[in-house]
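Remarks on the overall topology
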Amino acid sequence: MKGLAFSTLSLLCSRTDEEAMWRVKMHDDHHEFSRLVKRWEEPIRRLCTRMTGDPHRAEDLRQETFLRLFERRKEYQVTGRFSTYLWRIALNLCYDELRRQGRRLEFVRDPERDDAAEEAPDCVAEGPGPDAWAAQQEESELVRQALGRVPEIYRTVIVLRHYEDMKLAKIAEILEIPEGTVNSRMAEALARLSRMLEPKLAPRAETGSQRSEGRGQGSEVKSQAPETRREQAMILGKERLVS
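Residues numbered from 1 in each chain as written. Predicted model: local features only at pLDDT ≥ 70, side-chain atom pairs only at ≥ 80, totals over all residues. Heavy atoms only, no water.

**Focus on the overall build of the chain**
Convention followed: Numbering of helices and strands runs from the N terminus, with a helix taken as a DSSP run of H or I at least four residues long and a strand as a DSSP run of E at least two residues long. The buried label goes to any residue with under 20% of its type's maximum accessible area, the exposed label to any with over 50%, and the partly exposed label to all in between, with areas taken from a 1.4 Å probe on protein chains only. The contact definition used throughout considers only heavy atoms, calling two residues in contact when any of these lie within 4.5 Å. Shrake-Rupley sampling with a 1.4 Å probe provides the accessible areas, and residues are treated as covered by the protein chains on show and by no other component.
Scanning the chain from N- to C-terminus turns up 12 helices and 0 strands. Across the chain, helices and strands are ordered from the amino to the carboxyl terminus as α-α-α-α-α-α-α-α-α-α-α-α. Each of the 243 residues in the chain was classed as buried or not, and the buried ones make up 42%. Sequence separation of 24 or more characterises 72% of the internal contacts of the chain that already satisfy a separation of 6 or more. For the chain, the accessible surface area stands at approximately 13600 Å², while carbon and sulfur atoms represent 52% of it.

Okay, here's the thing in structure tokens:
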């Protein structure tokens, strides 16, 4: 009897997102819907924050996304991926928000980065000094502000690819465009960001290089914040575009 109960519990826990959404669609299963919200609310919040640049409005958009998901549960096609359906809803809400604002928003400081900055003193022995850390944070902020000025068709592919780590094929599926178009938009986005940021980041890179003389290359890489390295590599076109 216990074995049967355990098997039933395991089956419920291993239910895919598609199966859970099917139950929401067919039976208005609020338990399964709550499970989907818990699983996906953080990725959706991140997406909305990076698309709009406003973490407070992003929280509202996160809630609107799941409200819209439940309202449109009957439209969900069981043969499609749940994640694709959800990303499309969230992106459309972000596009609507940007159109309502009528202007391009600059990215504000990501709360996750603020948390990282507050934790920096605990890592003084292994990380960079206060000046270097502040410079890295400032560079990351420049990247986010520049990303906020890129047209949304280019911003979308950058956010999905470099922040959500999606394959090009997955991005193409969500946006309903050919994979080649995703690749071309990515290249154009990187070119635009590079033109905006190189005049600002190049002098900083030279200064940082001078300061790093006498230190091994390995220690220099280790001292740099991982997300800052990714952003800089992305902007300077050093990151390969892989599918």
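Now that the structure has been shown, the text picks up again.
**What about the packing of helix α5 (residues 82-101) against helix α8 (residues 152-163)?**
Defined as follows: Axis lines are fitted through C-alpha atoms, for helices just across the contact stretch, and the angle between N-to-C directions can take any value from 0 to 180 degrees. In these notes the angle categories are as follows: under 35 degrees is roughly parallel, over 145 is roughly antiparallel, 65 to 115 is roughly perpendicular, and the rest is oblique. Crossing chirality is assigned from the near helix's rotation relative to the far helix, an anticlockwise turn below a right angle marking it left-handed and a clockwise turn marking it right-handed. Under the scheme applied, nonpolar residues are Ala, Val, Leu, Ile, Met, Phe, Trp, Tyr, Cys and Pro; charged residues are Asp, Glu, Lys and Arg; polar residues are all the others, including Gly.
Where α5 meets α8, the closest approach of the two axes is 12 Å, and the angle between their N-to-C directions is 140°. Looking at the two axes, α5 sits oblique to α8. Between α5 and α8 lies a crossing of right-handed hand. Seen from α5, the contacting residues are L91, Y95, L98 and R99; seen from α8, they are E152, R155, T156 and L160. Grouping the amino acids of the contact of α5 with α8 by side-chain chemistry returns 4 nonpolar, 1 polar and 3 charged.

**Considerations on the pattern of salt bridges**
A side chain of one charge can pair with a side chain of the opposite charge when the charged atoms of the two come close. This is how it is decided: What counts as a salt bridge is simple: a side-chain nitrogen of Lys or Arg found within 4 Å of a carboxyl oxygen of Asp or Glu.
One pass over the full model with this rule turns up 21 salt bridges. A salt bridge links D28 to R73; its shortest N-O distance comes to 2.7 Å. Of this pair, D28 sits in the loop between α2 (17-27) and α3 (30-52) while R73 sits in the loop between α4 (55-71) and α5; the two residues are 45 residues apart in sequence, bridging distant segments of the chain. A salt bridge links E141 to R144; its shortest N-O distance comes to 3.2 Å.

**Things to note about the packing of aromatic side chains**
To be explicit about the condition: To pair, rings of Phe, Tyr and Trp, with the six-membered ring standing in for Trp, must have centres within 6.5 Å; the planes then decide the type, stacked if under 30 degrees apart, edge-to-face if over 60, and tilted in the middle.
A full pass over the atoms with the stated rule returns 4 aromatic pairs. Ring centres 6.2 Å apart and planes at 65° place the aromatic pair W40 and F82 in the edge-to-face group. Of this pair, W40 sits in helix α3 while F82 sits in helix α5, and the two are 42 residues apart along the sequence. In this structure W40 comes out as buried when scored by relative accessible area, which is 11%. The interplanar angle of 90° and the centroid separation of 5.9 Å between the aromatic rings of W40 and W87 together place this pair among those described as edge-to-face. You can see W40 sitting in helix α3 and its partner W87 sitting in helix α5, a full 47 residues away along the chain.

**A closer look at the side chain of T84**
With respect to the element layout, T84 can be found in helix α5. The exposure class assigned to T84 is buried, which follows from its relative accessible area of 4%. Filtering out sequence-adjacent residues up to four positions away, T84 remains in contact with K170, E173 and I174.

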